[in-house]
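Close look at the chain arrangement
The residues making up each chain are set out below.
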Amino acid sequence: METEVEMEMETDASRRWSNATEPWPDYLEPSDREQYRRYRKRQSYGSSFLSREKSPIHRLEGRVLYDEKEASLYPSPTLFLEDIKQEVESFDAGGLEASPGRHTSSMKKKGTYSDKKSPQFEDRLGTGTQSLHPFLKTAKEEADEISDSGETTFARFASILDSSLQGFISFPDLILQFENTCREVSELLREEATGRHRVIEDRFMRQKAQMLLDEAATWSLLWYLFGKGIEDNLGDIIVSPSTSQQEVRDFVMLDHTAQLCLRVVQWLEDLASKAVDFDKKVKGWYTGSYLHKSGVWHQTQRLLRKKSGSSMLVHHLDFDAPTREQARIHPEDQKQEQALLEDVWVLLRAGRLKEACDLCRSAGQAWRAATLCGNGGYDACPSIEALRKMGKNRTLQAIELESGLGYQRRLWKWSCYCASEKISEQDAGRYEAAIFAAQCSNLKRLLPVCTDWESACWALVKSWLDIQVDLELVRLQQSKSEQIKNNGAEPDGNDALGDLSMEGSSGPDVWPRQVLDQQPRDIQTLFQKLHSGDLVPEAVCRGCKEQHRQIEMNLMVGDVSHLLDLLRAWITPPSNDNTGSRPHGHPQMIRFGAHLVLVLRHILPDDVKDAFQEKLQLIGDLILNTYAIFLFTQRREELVGVYASQLAPYLCVELYVHMMELRLNDSVHVKYKIFRSAMEYLPFFPGEASKGCVSEILDRVLMRSREVKPSTRHVKTEDPGEQHREGCLEKATTVQWLCFTPPSTISDSELVKAELLARALQHSNILFREFALISIWRTTKMPVGAHMLLSYLAEPLKQPTELLLSLEHHNVSENLKEFQDWREYYACDALYRNWLKIEMDNEDVSPIELSSEEREKAAVAARQALNASLSLLERIQDMPQDTIEGEWLELDGIAMFRLSSGDCLQPDATACTALTSALYACAGELATERQLSVDISICTGDEYCINVVLRCTALKGDGIGPCTAEDGGLLASVMAAAFKGELEHFEEGVALEVFQLDASYINKEGFREAPAKFIVQGLCRRCCIPELILRCMQIRISLADLPDGVHQFHNELVELIASPDSGLHRLFSQQQLQEFLLLEREFCIRSMEAEEESSIDATSY
């Protein structure tokens, strides 16, 4: 009977072994066979596997074989070679694929296969392949949708940050959402990089995915360090007298270093745990998925029963036999054993102690599960979670009351230390030695299996934490012993842990010196060990140089100052870079740095932040500004506002001014994105000191738009005046920023809308004055800048103006009336230029050949221009008076010398001196009475332009009280003569053409108080109204030949100018009056000739 049982057991073992050693399925890759052997689970290949079965190319035993029959399936050798090339590229791409988790040392890498067939070959496959086309098309569309997954993080991060800044989510939750976003996008990129692209593209996507995964790890660390709170409410699980687990928890709660180590250990274990979950979710196999009893030594058992085998084979099957007998088990069993130990190590590394024990039990090694759960079977982690899971452990309390605090824990750790040393001496397996070494802080046996930075860091920090906890328990036990010995005296709590660490090196109450000497003294020493090539593998040393590892180490040390220096060096351009503030780092690192700075500003404790508050503000603003510029260069203007709102006010204003200037000529949609982002994230009116305001941004944009830009001419023959006149279009386009409708979601949107329109009216009038002075020449060229302004404001002014007129600080009613006057003036100007163009076209045709329709067209245009001009001249009233007074009046502008031919004259020192004298002499005796000063200089930015500055004292009627002097006063009269080209003692025929003109009140201290717009308005009246009247006289002459033209416009213009009520005659210069009389004389002659001709025709008829 006993023999039958033994035979049955042997048969069962053989059957199990035959299943374990059955031939490999022919569809498995060599790299997949180890996974199949361990997990009995193959990766699902999906459509790639189906197409691969039909492909004439097979990969067999690690090499590619082709026969003539298969090669003949291709229509041409070129297609055949192309298919081979794509096959090799697909294989290389799969081999280069990185592990999806941060913990990669123990994860088996599986090769990927993606067959790429030529279209001709797919056609030859017939209907068998046609059914796959819809799926492939759908997959391609999905790939196109997520092909930019790395860039979608910009919008997702901005949305999450915006929610946190508005108070919808807390910053700890914000960090967790950042981590989840990075992981999700990384997973999308990894799914996309599956051989459907070129090798370089796949590699690039995998690198981007790995970078996002590294970033997710950094966000996770930040949450564990600063976002995870400290829970101290243990409820009813506290027992008295306290156990070692409770004492350990209290120690970790109070000791900063131990608390830091615990959080770092939890962080690293969480990363490894997520890597295990990723394998289970994506790859289809996972650590710990073993067949039942696969850890039993079946082959060794079979050989022992047959009494065969080498002398090095163990003679017993207990788990201590290899160590005790210094022998080995069967190689196949050893292979299974090492695979099991490797997975146990992965689970321990991931903090999954219970799963590791369950794995050992399911594999038939319950004794190994007992070694993992020593010290009574409870979790030795000094965390609140472990204490709550253990509950009221009366058994541990009873043991420690009898033997002492932590005595059983020390015995267990001593056992693990001896086991790790013995196993290592016999070279019985590095994973088994590492498993025991992890329980007793034996870094010498633990670090060799840590092949990546995370594992090595986990080993060092966990060992250091366990040593601190153990030494604290020793100190507490010694204190209790001394207290009992001294009859209840209070124990001395000032013993240093460093002194305890150097105590004896033998006995169960103390730690072996070899283990203590391996531990770091502080966190800096710990990182020095990570950099040391003697203690850790080379891969760990290389990992220390990676960007996110450096960030993580600085966060653990708490050296935020050095962290900011690193981010600045990686993200912002160096100081010697002359290309400006253009980003030079990786886009994902720039984005991460900006969000990290914002999170640190909000989540760091005040006592920690005070030490580097200024540096965090300055460098943080630099990084945020760099990221905002990067978003702008990527055409993501709608995202800029979230980050610009966190900048210092002056930086925020400069950023938006820079963006608005660069996007000035873009589409309305692009410009509105910038406008909307500013409106939604910044206050409109100044008030909040920590943020820039929209009104200041718009003021800066408008002010800079009027500045004369430095000359960029490269061709000497190009007309510089024409360039500056074209700059009027840019000035007018800037006003469009004021004509956008603010979002209805902002507070006081209607008031903001009215404020914008009021500013637009005010600035438009300033531009209208400058454009009018530029366009007084009688040419057919339209002042496009002025008409563009009118088109921008046409729609906003159709809306109700009640709220607009209620604004008092912008003189809205006066500005609105002036705007209406300018609108009518430019309408007259357009009608005149239209008539002039018709007349010039008719001059090219002889009077005999000119048709009656063309004559009628010219007459209609002339009547329209005259009617509009007369209507404007009859309606003109006195200009409004300023109520501001000052000691001085100043008129400054930028102008250019213009010849009567229309060409520009380059100024020199002689011309400037002559102009100074001519302007001073133009004032006559008033120059001395009013202390007139004239300053003329050549512009530094443009050699064709000059700076003109005139200043005089204010007096009653001209700067003080209502203006009773000539229109614009002394300064306007002097400059009008220069603009009309009628300066005495100056070169004849040379006039000034102005491009920027401002007038101001100056106080006693010499500072500008307010604009003196009555001077510029008066100057425009002096230049524009006489020119408008002279144009009308020119049009009258063309109508003199018509029968009804004589009577309709005979004396209206003359009476208007001669009337003392209108005062228009005061606006004319001597030369303009002479021209007026000459034109009137010519009109009268033409009229008389026309009457004579008509009378002769009537008599003859």
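Our subject is the structure that appears above.
Residues numbered from 1 in each chain as written. Predicted model: local features only at pLDDT ≥ 70, side-chain atom pairs only at ≥ 80, totals over all residues. Heavy atoms only, no water.

The next thing to look at is the overall build of the protein. Per the secondary structure count, the protein includes 51 helices and 10 strands. Among the 1101 residues that make up the protein, the fraction classed as buried is 51%. For the protein, restricting intrachain contacts to residue pairs at least 6 apart in sequence, the fraction spanning at least 24 positions comes to 72%. Looking at the protein as shown, the accessible area adds up to about 51,900 Å², and 52% of this sits on carbon and sulfur atoms. (Helix = DSSP H or I, 4+ residues; strand = E, 2+ residues; numbered from the N terminus. Buried < 20%, exposed > 50% of the residue type's maximum accessible area, 1.4 Å probe, protein only. Contact = heavy atoms within 4.5 Å. Areas by Shrake-Rupley, 256 points an atom, 1.4 Å probe, with all protein chains shown as cover.)

Residues other than glycine seldom take positive phi values, yet arginine 635 does so here, at roughly 65 degrees. Within the secondary structure, arginine 635 sits in the loop between α33 (613-633) and α34 (640-644). The exposure class assigned to arginine 635 is partly exposed, which follows from its relative accessible area of 42%. The backbone of histidine 985 sits at a positive phi, close to 60 degrees, despite the residue not being glycine. When you line up the elements, histidine 985 lands in the loop between α47 (969-979) and β9 (990-1002).

Secondary-structure assignment places aspartate 998 in strand β9. The spatial distance from the C-alpha of aspartate 998 to the C-alpha of isoleucine 894 is 9.5 Å, given a sequence separation of 104 residues. For aspartate 998, the residues in contact, after removing those within four places along its chain, are Arg706, Glu890, Leu891, Asp892 and Val1016. Reaching out from aspartate 998, the side chain makes a polar contact with the side chain of arginine 706 at a distance of 3.0 Å. (Polar contact = N/O pair within 3.5 Å; in protein donor to acceptor, adjacent residues only side chain to side chain.)

On to the pattern of salt bridges, then. Enumeration according to the criterion identifies 54 salt bridges in this entry. As a salt-bridge pair, glutamate 770 and arginine 706 come within 2.3 Å of each other at their nearest N and O atoms. Separated by 64 residues along the polypeptide, glutamate 770 in helix α40 (residues 749-774) and arginine 706 in the loop between α37 (694-705) and α38 (720-734) bring together distant segments of the chain. One exposure class covers both glutamate 770 and arginine 706, and it is buried. In the salt-bridge network here, residues are joined through shared partners; they are Arg635, Arg636, Glu637, Glu638, Arg663, Asp666 and Lys673. (Salt bridge = Lys/Arg side-chain N within 4 Å of Asp/Glu carboxyl O.)

Where nonpolar side chains cluster on the molecular surface, the patch consists of Phe685, Leu751 and Leu803 and spans about 220 Å² of accessible area. Topologically, leucine 803 is positioned in helix α42 (residues 802-805). Among the residues examined, leucine 803 registers a relative accessible area of 35% and is labelled partly exposed. (Patch = residues over 30% accessible without salt bridge, like charges linked within 9 Å, V, L, I, M, F, W, Y side chains within 5 Å.)

Inspection of the secondary structure assignment puts glutamine 468 in helix α24 (residues 453-485). Judged by its relative accessible area of 7%, glutamine 468 falls in the buried class. Discounting residues that sit within four places of it in the chain, glutamine 468 has contacts with Phe251, Asp255, Thr257, Ala258 and Cys261.

The next thing to look at is the environment of glycine 351. Structurally, the position occupied by glycine 351 is in the loop between α16 (331-349) and α17 (353-362). The class of glycine 351 is partly exposed, set by a relative accessible area of 42%.

Moving on to the packing of helix α43 (residues 812-843) against helix α44 (residues 852-875). Relative to each other, α43 and α44 sit at 155 degrees, their axes nearing to 9 Å. One finds that α43 runs roughly antiparallel with respect to α44. Here α43 runs over α44; the crossing is left-handed. Note on element contacts: α44 touches α43 through Glu854, Lys857, Ala858, Ala861, Ala862, Gln864, Ala865, Ala868, Ser869, Ser871, Leu872 and Arg875, opposite Gln820, Asp821, Glu824, Tyr825, Cys828, Leu831, Tyr832, Asn834, Trp835, Ile838, Glu839 and Asn842. Considered class by class, the residues forming the contact of α43 with α44 number 12 nonpolar, 6 polar and 6 charged. (Axes fitted to C-alpha atoms, helices over the stretch in contact; angles between N-to-C directions. Parallel < 35°, antiparallel > 145°, perpendicular 65-115°, else oblique. Left-handed = near helix turned anticlockwise from the far one by under 90°. Nonpolar A, V, L, I, M, F, W, Y, C, P; charged D, E, K, R; others polar.)

Take the packing of aromatic side chains next. Per the stated rule, a full pass over the model turns up 25 aromatic pairs. Judged by centre distance (5.3 Å) and plane angle (40 degrees), the rings of phenylalanine 768 and tyrosine 826 are tilted. Note that phenylalanine 768 is positioned in helix α40 and tyrosine 826 in helix α43, a separation of 58 residues in sequence. Look at tyrosine 826 and you get buried, because its relative accessible area is 0%. Through pairs of rings, three or more aromatic residues link up here, namely Phe768, Phe819, Trp822, Tyr825 and Tyr826. Above the ring of tryptophan 777, the side-chain terminus of arginine 898 is found at 4.6 Å from the ring centroid. (Phe/Tyr/Trp six-rings, centres within 6.5 Å; stacked < 30°, edge-to-face > 60°. Lys NZ or Arg CZ within 6 Å of the ring centre and 35° of its normal.)

Within the largest apolar cluster, 263 residues are counted, with the highest numbers of intra-cluster contacts made by Trp219, Trp267, Trp345, Leu530, Tyr643, Tyr656 and Leu919. With 16 residues, the single largest contributor to this core is helix α48 (residues 1013-1039). Excluding residues that lie within four positions of it along the chain, tryptophan 345 makes contacts with Tyr431, Ala434, Ile435, Leu446, Val449, Cys450 and Trp458. Within the second largest apolar cluster, 12 residues are counted, among which are Trp412, Tyr417, Ala433 and Phe436. (Core = buried A, V, L, I, M, F, W, Y, C linked by side-chain atoms within 4.5 Å.)

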